[in-house]
Amino acid sequence: MSTYGDRGNVICLQKRCQWRGIQTSIVELDRQAEAGAFQKIDLLVGGGAQDRQQEIVMRDLQGAKAEAMRQILEDGIPGVFTCGSPQLLGHYYEPAVGQRIEGLGILDLVSKHPGLEARRCIGNVVFEITASPLAEELQGILGKKPVVLGFENHGGRTYLGNVSPLGKVIKGYGNNGEDGMEGAFYCNAIATYSHGPLLPKNPFLADWLIQTALVQKYQQAIALKDLDNDLALQARAAMFKRLDVSV
Ligand code: GLN
């Protein structure tokens, strides 16, 4: 599941580790992978997909893999999940056409596509992270409110149950274009509708994921070496100006 360039999140994490001398190995959790492979994961990344692919992936993830994924996420392993992935981590996704796709039930949310006539939620998206303790931790690192910049493209609308939203929408549709909420945050799992890819546009999120993965793995405080984010910060400033968003 990487229809909308979400593989860029994996490359971003890999590079930001490499630039700090942190070794990484990428494990593809595809249909050949066993449930046991999840136990070896330090940081989980899931991307977006079209309805048809989501159905195929869901048939594979049900059962032992779902339980393995729930276990590692509830143990605090960090994850970043974009668009089609959070829809599948929820209870179900009702696509525009065809049967309801039963989800993994890890996140207390549901997603519904209002039908092919309905407008898709497409465009640049900006939201402020409000989920606790993530928002406080990021504000501690950044010295200001953590604002995410990305691009959304989804037909499905997501409705949260008893799970924290990741943030509040400043510009764009977010989960459903109605309640002003974006994404979800559960244990150390970040779920969002924001493609982009997300992490190169918001390097502070990539660093939070890397730091959290290392703290979980070595059970000790970890300080990451600062990197030169100048180019990313210039690109963000240019986009916020274009979108007339002051942060
Ligand atoms: N197929 C889903 C939808 O349209 C997810 C799309 C995506 O992953 N960008 O809502």
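Scroll up to find the structure.
Now for a quick tour of the structure. (Residues numbered from 1 in each chain as written. Predicted model: local features only at pLDDT ≥ 70, side-chain atom pairs only at ≥ 80, totals over all residues. Heavy atoms only, no water.)

### A word on the packing of helix α1 (residues 7–18) against helix α7 (residues 203–218)
Line of reasoning, step 1. It is at 10 Å that the axes of α1 and α7 come closest, and there the two elements cross at 70°. Taken together, the axes of α1 and α7 are roughly perpendicular relative to one another. Contacts between α1 and α7 involve Cys 12, Leu 13, Arg 16 and Cys 17 from the former and Pro 203, Ala 206, Asp 207, Leu 209 and Ile 210 from the latter.
Line of reasoning, step 2. By residue class, the composition of the contact of α1 with α7 is seven nonpolar, no polar and two charged. (Axes fitted to C-alpha atoms, helices over the stretch in contact; angles between N-to-C directions. Helix = DSSP H or I, 4+ residues; strand = E, 2+ residues; numbered from the N terminus. Parallel < 35°, antiparallel > 145°, perpendicular 65-115°, else oblique. Contact = heavy atoms within 4.5 Å. Nonpolar A, V, L, I, M, F, W, Y, C, P; charged D, E, K, R; others polar.)

### Observations regarding the pairing of strand β12 (residues 189–192)
Line of reasoning, step 1. Here β12 shows no split at all, with Ala 189 and Ala 191 on one side and Ile 190 and Thr 192 on the other all buried.
Line of reasoning, step 2. Bridge analysis of strand β2 (residues 79–82) against β12 gives four bridges, and the strand direction is parallel. Across the sheet, the residue bridging to Gly 79 is Ala 189, located in β12.
Line of reasoning, step 3. For strand β11 (residues 184–186) and β12, the ladder comprises three bridges, and the chain directions are antiparallel. Across the sheet, residue Ala 184 finds its bridge partner in β12, namely Ala 191. (Buried < 20%, exposed > 50% of the residue type's maximum accessible area, 1.4 Å probe, protein only. Pairing = 2+ DSSP bridges.)

### Quick look at the packing of helix α5 (residues 134–142) against α7
Line of reasoning, step 1. The interhelical angle for the contact between α5 and α7, taken along N-to-C directions, is 115°, at an axis separation of 11 Å. The orientation of α5 relative to α7 falls into the category roughly perpendicular. Two packed elements cross with a definite hand, and for α5 against α7 that hand is right-handed. Taking contact as the criterion, the partners of Leu 134, Glu 137, Leu 138 and Leu 142 in α5 are, on α7, Phe 204, Leu 205 and Trp 208. (Left-handed = near helix turned anticlockwise from the far one by under 90°.)

### Regarding the state of the cysteines
Line of reasoning, step 1. Evaluated as defined, the whole model comprises zero disulfides.
Line of reasoning, step 2. A disulfide-free cysteine, Cys 17 has its sulfur positioned 9.4 Å from the sulfur of Cys 12, the nearest such atom.
Line of reasoning, step 3. On the basis of relative accessibility, which here comes to 7%, the residue Cys 17 falls in the buried class. (Disulfide = S-S within 2.5 Å.)

### Describing the sheet that holds strand β3 (residues 92–94)
What holds strands together in a sheet is hydrogen bonding between their backbones, with the strands either parallel or antiparallel.
Line of reasoning, step 1. Taking strand neighbours across the sheet as the criterion, the four strands line up as β4-β3-β5-β8 in an open arrangement whose pairing is mixed. Looking along the sheet, the strands with just one partner apiece sit at the ends: β4 (101–102) and β8 (157–160).

### Description of the environment of Ala 237
Line of reasoning, step 1. Within the secondary structure layout, Ala 237 lies in helix α8 (residues 230–242).
Line of reasoning, step 2. Along the backbone, Ala 237 and Ala 35 are 202 residues apart, and their C-alpha atoms lie at a distance of 42 Å.

### So, the nonpolar core
Line of reasoning, step 1. Grouped together as the largest cluster of nonpolar side chains are 25 residues, with contacts concentrated most on Ile 129, Leu 134, Ile 190, Leu 199 and Leu 205.
Line of reasoning, step 2. Breaking this core down by element, the ones donating at least two residues are α1, β6 (121–129), α5, α6 (198–201) and α7.
Line of reasoning, step 3. It is α7 that provides the largest number of residues to this core, a total of seven residues.
Line of reasoning, step 4. Ignoring any residue separated from it by four or fewer positions in sequence, one finds Ile 190 in contact with Gly 79, Val 80, Phe 81, Leu 134, Leu 166, Ala 184, Phe 185, Leu 205, Trp 208 and Leu 209.
Line of reasoning, step 5. Counting residues in each nonpolar core, the second largest holds 24 residues, with Met 58, Leu 88, Leu 89 and Tyr 93 among its members. (Core = buried A, V, L, I, M, F, W, Y, C linked by side-chain atoms within 4.5 Å.)

### Some details on the pattern of salt bridges
Line of reasoning, step 1. One pass over the full model with this rule turns up 11 salt bridges.
Line of reasoning, step 2. The salt bridge partner of Arg 7 is Glu 28, with a shortest N-O separation of 3.4 Å. Taken as a pair, Arg 7 in helix α1 and Glu 28 in the loop between α1 and β1 (44–46) lie far apart in primary sequence, 21 residues in all.
Line of reasoning, step 3. Residue Arg 52 is joined to Glu 55 by a salt bridge in which the shortest nitrogen-to-oxygen separation is 3.5 Å. Taken as a pair, Arg 52 and Glu 55 lie in helix α2 (residues 51–61) at a separation of three residues, close to a single helical turn.
Line of reasoning, step 4. One salt-bridge network, held together by shared partners, links Arg 16, Arg 20 and Asp 207. (Salt bridge = Lys/Arg side-chain N within 4 Å of Asp/Glu carboxyl O.)

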